[in-house]
Structures are given as structure tokens and as C-alpha cells.
Amino acid sequence: MSESLKDIINPKNVMEQYTPEMQRKIKGMAMPVSEIVNRFEKTEGKAKDLQILAELNGCSRNDIQIIIETELGTEVLPKQMTKLTTTKKAPAPVPAKQPKKKVQEKVKVNHYAMQAVQIALEQVDDQLKELESQIAVLQQQEDELKTAYNAYVQFMEDFEEE
């Protein structure tokens, strides 16, 4: 989802050209305005493309048409085409927005769970390193004791021979 340079530099000016109601709708959409326009420009620019973008963003085809016409400064579809295609009601944006909140909450929960798992793994790694260093010290002590024992055994054998 890349925004246009115009959106990044001065997003207020981009939004000021829309009514407050349309601004609220745009904020609730899955894609930024620039991506909607870019995707529309890449398609054949027909009514079905408007409908697909509307479904992806949980809004009406008319909302998408307003955005594209405002951003491109030109009429997207002839008025005759608009009347023919607007007879169907677009899906209401409210049902589309509710699952997004649940998905966002699940993503947040999953993110926090992943962070907790990552922290636990780091703690286990730290404990493992500590245990490995303790094992190394014990192995060194074992080697020293074996050397001392072997020296003692050798000394005792030499002493018994005399």
C-alpha cells in the first residue's frame, strides 16, 4: 500500500477537497485514496472495476467513483452509465467494518503473544548459555581431578615399587 507523494507531503489538502462525511468514509477504507486511484488506472476503468474496489474497501461504488473523479479531475463513467449501474445497492459499509475490528484485535493479540513468546525464548537462550558456561567449568574441574588422580595413582605405584 504505497501512498502518492502528494498524500505524503500534504495529506490535509488531499482530504479537504471531500465533504466531512466522505472524509469519514475514506478513513474507514482499507486502501488509501492514492492506491484506489492507482488500481483504477491500472484496470480498464469500467463500472465492474469500481464495484470491485468498493467491495475491497467496504463502501459503495458511488463513493469510489467520487474519489476517482475528484482525484483525476475528470468524469470516470458517462452519466448514462452511472444511472444504469447505480440501480443496485452497494453493500453497507458497517458490516464490512465490524470484522476488520475483530481482525485487528486478533492481530494485536497475536502480536502481543508473539512478543511474549519471543521474550520467553530469549530468556531460555540466556539460561542455556549460563548452563553451558557452568558445564564448561565443571568439565575443567573434572579434567583437573582426573589429572590429580592419575598423578596420585602413579605416585602410589612408584612408591609400592620401591
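Heads up: the structure comes first, above all this text.
Here we summarise the structure given alongside this text. Bear in mind the structure is a predicted one, so any value in this text is a computation, not a measurement.

Calculation criteria
Residues numbered from 1 in each chain as written. Predicted model: local features only at pLDDT ≥ 70, side-chain atom pairs only at ≥ 80, totals over all residues. Heavy atoms only, no water. Helix = DSSP H or I, 4+ residues; strand = E, 2+ residues; numbered from the N terminus. Buried < 20%, exposed > 50% of the residue type's maximum accessible area, 1.4 Å probe, protein only. Areas by Shrake-Rupley, 256 points an atom, 1.4 Å probe, with all protein chains shown as cover. Expected span 1.5 Å × (residues − 1). Patch = residues over 30% accessible without salt bridge, like charges linked within 9 Å, V, L, I, M, F, W, Y side chains within 5 Å. Salt bridge = Lys/Arg side-chain N within 4 Å of Asp/Glu carboxyl O. Lys, Arg positive; Asp, Glu negative; His and termini not counted. Charge placed at Lys NZ, Arg CZ, Asp CG, Glu CD. Axes fitted to C-alpha atoms, helices over the stretch in contact; angles between N-to-C directions. Parallel < 35°, antiparallel > 145°, perpendicular 65-115°, else oblique. Contact = heavy atoms within 4.5 Å. Nonpolar A, V, L, I, M, F, W, Y, C, P; charged D, E, K, R; others polar.

## Some thoughts on the overall build of the protein
- Scanning the protein from terminus to terminus reveals 8 helices and 0 strands.
- Starting at the N terminus and walking to the C terminus, you meet the elements of the protein as α-α-α-α-α-α-α-α.
- A buried classification covers 21% of the 162 residues belonging to the protein.
- Carbon and sulfur atoms form 58% of the exposed surface of the protein, whose accessible area is close to 12,600 Å².

## Describing helix H6 (residues 61-72)
- Its 12 residues place the ends of H6 16 Å apart at the C-alpha level, agreeing with the 16 Å of an ideal helix rising 1.5 Å per residue.
- Within H6, the full set of buried residues consists of Arg61, Asp63, Ile64, Gln65, Ile67, Ile68 and Glu71.
- Gly73, located one to two residues past H6, shows a positive phi value of around 70°.

## Things to note about a negative patch on the surface
- Taken together, the side chains of Glu157, Asp158, Glu160, Glu161 and Glu162 make up a negatively charged region of the molecular surface.
- On the secondary structure map, Glu160 appears in helix H8 (residues 93-161).

## What to know about the packing of helix H4 (residues 33-42) against H6
- Between H4 and H6, the least distance of the axes is 10 Å, while the angle of their chain directions is 90°. In terms of orientation, H4 lies roughly perpendicular with respect to H6. Listed contacts from H6 to Val33, Ile36, Val37, Phe40 and Glu41 of H4 are Ile64, Ile67, Ile68, Glu71 and Leu72.
- Split by residue class, the contact of H4 with H6 holds 8 nonpolar, no polar and 2 charged.

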